[in-house]
Amino acid sequence: MPSVQSLELGQYYGNSRNAFWKLLFTIFDEPFSNDYENRKNILLKNKIALWDVLQACVREGSLDSAIEQEIPNDFNSFLKTHPNIRHIYFNGQKAAAYYKQYVKVGNGYNLVTLPSTSPANAGKSFEQKLKEWQIIKQL
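My aim in this report is to walk through the structure given alongside it, one point at a time. Each chain has its residues counted from 1, following the order in which its sequence is written. Only residues with pLDDT of 70 or above have their local features reported here, since the model is predicted, and side-chain atom pairs are shown and tallied only from 80 upward, although totals for entire chains, interfaces and linings are computed over all residues. Derived side-chain values reflect all non-hydrogen atoms in the structure, with water molecules and hydrogen atoms excluded from consideration.

### With respect to the overall build of the protein chain
Defined as follows: A run of H or I in DSSP counts as a helix once it spans at least four residues, and a run of E counts as a strand once it spans at least two, with each numbered from the N terminus. Only protein chains enter the area calculation, which uses a 1.4 Å probe; residues under 20% of their type maximum are buried, those over 50% are exposed, and those in between are partly exposed. Residue contacts are defined here by distance: any two heavy atoms, one from each residue, within 4.5 Å place the two residues in contact. Using a 1.4 Å probe, accessible areas were evaluated by the Shrake-Rupley method; residue-level cover was limited to the displayed protein chains.
For the protein chain, the helix and strand inventory stands at seven helices and four strands. Across the protein chain, helices and strands are ordered from the amino to the carboxyl terminus as α-α-α-β-β-α-β-α-β-α-α. In the protein chain, buried positions account for 33% of the 139 residues. Nonlocal contacts in the protein chain, meaning residues at least 24 apart in sequence, comprise 46% of its contacts between residues at least 6 apart. Per element, the accessible surface of the protein chain, about 8,700 Å² overall, is 49% carbon and sulfur.

### Regarding the layout of surface pockets
The condition that has to hold: Of the two site types, the cavity is a set of points on a 1 Å grid over the protein atoms alone where a 1.4 Å probe fits but cannot get out, and the pocket is an open set with protein on both sides within 12 Å along at least five of seven lines, each lined by residues with an atom within 4 Å of a point. Grid points are joined across faces, edges and corners, and a volume is the space filled by probe spheres set on the points. All residues other than Ala, Val, Leu, Ile, Met, Phe, Trp, Tyr, Cys, Pro, Asp, Glu, Lys and Arg, Gly among them, are scored as polar; the first ten of these are nonpolar and the last four charged.
In this structure, the second largest pocket spans a volume of roughly 160 Å³. Lining the second largest pocket are 14 residues, with Ser-16, Asn-18, Phe-32, Asn-34 and Arg-39 positioned closest to its centre. Residue classes in the lining of the second largest pocket are distributed as five nonpolar, six polar and three charged.

### Looking at the nonpolar core
To be explicit about the condition: Working definition of a nonpolar core: buried Ala, Val, Leu, Ile, Met, Phe, Trp, Tyr and Cys residues. They are joined through side-chain atoms within 4.5 Å.
Of all hydrophobic cores here, the largest spans 18 residues; its most connected members are Trp-21, Leu-23, Leu-24, Ile-27, Trp-133 and Ile-136. A per-element tally of this core places helix α2 (residues 20-27) first, with six residues. Residue contacts for Trp-133: discarding those within four places in its chain leaves Phe-20, Leu-23, Ile-27, Asn-91, Leu-114, Pro-115 and Thr-117.

### Comments concerning the environment of Gln-101
Within the secondary structure, Gln-101 sits in helix α5 (residues 93-102). Sequence spacing of Gln-101 and Pro-72 is 29 residues, and the spatial spacing of their C-alpha atoms is 9.4 Å.

### A few points about the side chain of Thr-117
Topologically, Thr-117 is positioned in the loop between β4 (110-114) and α6 (126-133). Classification of Thr-117 as buried rests on a relative accessible area of 0%. Not counting the four nearest positions on each side in its chain, Thr-117 is found in contact with Tyr-13, Asn-18, Ala-19, Phe-20, Leu-23, Asn-91, Lys-129 and Trp-133.

### Re the packing of aromatic side chains
The following threshold applies: In this analysis, rings of Phe, Tyr and Trp, with Trp reduced to its six-membered ring, are considered paired at centre separations within 6.5 Å, and the interplanar angle assigns stacked below 30 degrees, edge-to-face beyond 60, and tilted for intermediate values. Lysine NZ or arginine CZ positioned within 6 Å of the ring centre and within 35 degrees of the ring normal marks a charge as sitting over the ring.
Within the structure shown, the criterion is met by ten aromatic pairs. Ring geometry for Phe-25 against Phe-32: centres 5.4 Å apart, planes inclined by 65 degrees, an arrangement best described as edge-to-face. The class for Phe-25 is buried, based on a relative accessible area of 5%. Where Tyr-98 meets Tyr-102, the ring centres are 6.4 Å apart and the plane angle is 15 degrees; that geometry is what we call stacked. Of this pair, Tyr-98 and Tyr-102 both sit in helix α5, separated by four residues, roughly a single helical turn. With relative accessibility at 9%, the residue Tyr-98 sits in the buried group. Through pairs of rings, three or more aromatic residues link up here, namely Tyr-13, Phe-20, Trp-21, Tyr-36 and Trp-133. Looking at Lys-22, its charged tip hangs above the ring of Phe-126, at a distance of 4.5 Å from the centre.

### Some words on the pattern of salt bridges
Heads up, the rule is: The term salt bridge refers to a pairing of a side-chain nitrogen on Lys or Arg with a carboxyl oxygen on Asp or Glu at a separation within 4 Å.
Here the structure, examined in full by the defined rule, presents three salt bridges. Lys-40 is the salt-bridge partner of Glu-37, the closest N and O atoms lying 3.0 Å from each other. Of the two residues, Glu-37 and Lys-40 both sit in helix α3 (residues 36-45), three residues apart, roughly one turn of that helix. For Lys-124, the salt bridge goes to Glu-132, with nearest N and O atoms at 2.3 Å. With relative accessibility at 31%, the residue Lys-124 sits in the partly exposed group.

If you want it as structure tokens, here you go:
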């Protein structure tokens, strides 16, 4: 689920301390931009769909550990509508866990859990995250 700040802005990864956008611009060798239209365009240009595993939940604050009463997004319909998708990348362990708990799709997908880009994941440096996130460009 998006952070409180992202929900307020109506943007994925709206918290400026979240490394998601910086990672993508770095991986795809593009000049960094704070403009949300530019950010969405880098996704489109590189054929990346961005969607939360959870459609809704109850949560006080922004920490994943506070998530309760979660409702998953309808991945079955989404994946049937987009049959060319073969790789699904998770931004952190919690997203992967919710997907595995709630989403039951065929085995034709390469599921990859990447380190969370959240500022709460301070155990890995930007460079360490970048090294692991590079996989999205390789496939």
